[in-house]
Amino acid sequence: DAGITQSPRHKVTETGTPVTLRCHQTENHRYMYWYRQDPGHGLRLIHYSYGVKDTDKGEVSDGYSVSRSKTEDFLLTLESATSSQTSVYFCAISAEGYEQYFGPGTRLTVT
Amino acid sequence: EDKVVQSPLSLVVHEGDTVTLNCSYEVTNFRSLLWYKQEKKAPTFLFMLTSSGIEKKSGRLSSILDKKELFSILNITATQTGDSAIYLCAVLSGTYKYIFGTGTRLKVLA
């Protein structure tokens, strides 16, 4: 299995609070991604990174920000959580031109 | 706009049946097509296909790509209840952009 972990694995938070999810890899891959997965929508890309301090938006980036200060860590922040951000969040990594590998996921509930 | 479409959306079969899952795509700068299996957790990688007509095989699963007609199929023979999952198709555009379909939900009955 690819060395990729996510923390926390489960989180319940209240509307309006900031939340940070962490993705950590030990594969030294250049590319890292954050997706959310919801019934009927499949995997939707939130943000991705193509190197340290190099990030870009995906298709559903509103309300989310990211940071990558080290190759191995990619943080996803919900600036002010809303109920519509209740979802399962997956981090993924890839080497250039190769398959993606996914982390175990974080189940986030915003009440 | 790039898109990946999978069919059928869901499928129910009995153990021992053979199933064929479909994935069609319209993607600029196509590089490869990938299949994933997702049970009650993260997607796990099955195959990556880059060339037309060359079958990839792993046990009872096999897949082939047609770059002229822009589709791929995933075959599962002699299905087992453990094959029950969502099967995701993705296309890699360029070096790092992956476009996912919404998946096919397969249920195998004992």
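For the structure itself, look to the data block above.
Overview of the structure. (Residues numbered from 1 in each chain as written. Chains lettered and ligands numbered in written order. Predicted model: local features only at pLDDT ≥ 70, side-chain atom pairs only at ≥ 80, totals over all residues. Heavy atoms only, no water.)

**As for the overall build of chain B**
Counting secondary structure elements, chain B contains zero helices and eleven strands. Walking chain B from its N terminus toward its C terminus, one meets helices and strands in the order β-β-β-β-β-β-β-β-β-β-β. The burial tally for chain B puts 45% of its 110 residues in the buried class. Taking as baseline every contact in chain B between residues at least 6 positions apart, the subset at least 24 positions apart corresponds to 54%. Total accessible area computed for chain B in this model is approximately 5500 Å², and 50% of it derives from carbon and sulfur atoms. Placing the 13 positive and 10 negative side-chain charges of chain B at their respective mean positions leaves the two points 5 Å apart. (Helix = DSSP H or I, 4+ residues; strand = E, 2+ residues; numbered from the N terminus. Buried < 20%, exposed > 50% of the residue type's maximum accessible area, 1.4 Å probe, protein only. Contact = heavy atoms within 4.5 Å. Areas by Shrake-Rupley, 256 points an atom, 1.4 Å probe, with all protein chains shown as cover. Lys, Arg positive; Asp, Glu negative; His and termini not counted. Charge placed at Lys NZ, Arg CZ, Asp CG, Glu CD.)

**Observations regarding the environment of E15 of chain B**
All names here are of chain B. With respect to the secondary-structure elements, E15 resides in the loop between β2 (10-14) and β3 (19-26). Looking at E15, the relative accessible area reads 41%, which means it is partly exposed. Considered as a pair, E15 and V108 are 93 residues apart in the sequence and their alpha carbons are 5.9 Å apart. In contact with E15, not counting residues within four places along its chain, are T79, Q80, T81, V108, L109 and A110. Within polar-contact distance, the side chain of E15 engages the backbone nitrogen of T81 at 3.4 Å. (Polar contact = N/O pair within 3.5 Å; in protein donor to acceptor, adjacent residues only side chain to side chain.)

**Focus on the sheet that holds strand β8 (residues 73-78) of chain A**
Across a sheet, strands are paired by hydrogen bonds formed along the backbone, either parallel or antiparallel in direction. Residue and element names in this part refer to chain A. As summarised here, the arrangement of the four strands in space is β1-β3-β8-β7, forming an open sheet in which the pairing is antiparallel. Strand pairing shows two members of the sheet lacking a second neighbour, β1 (4-7) and β7 (64-70), which therefore form its edges. Neighbour-to-neighbour, the strand axes of the sheet open up by a mean angle of 20 degrees, direction not taken into account. Sheet analysis places β7 next to β8, joined by five bridges and oriented antiparallel. Looking across to β8, one finds that Y64 is bridged to L78. (Pairing = 2+ DSSP bridges. Axes fitted to C-alpha atoms, helices over the stretch in contact; angles between N-to-C directions.)

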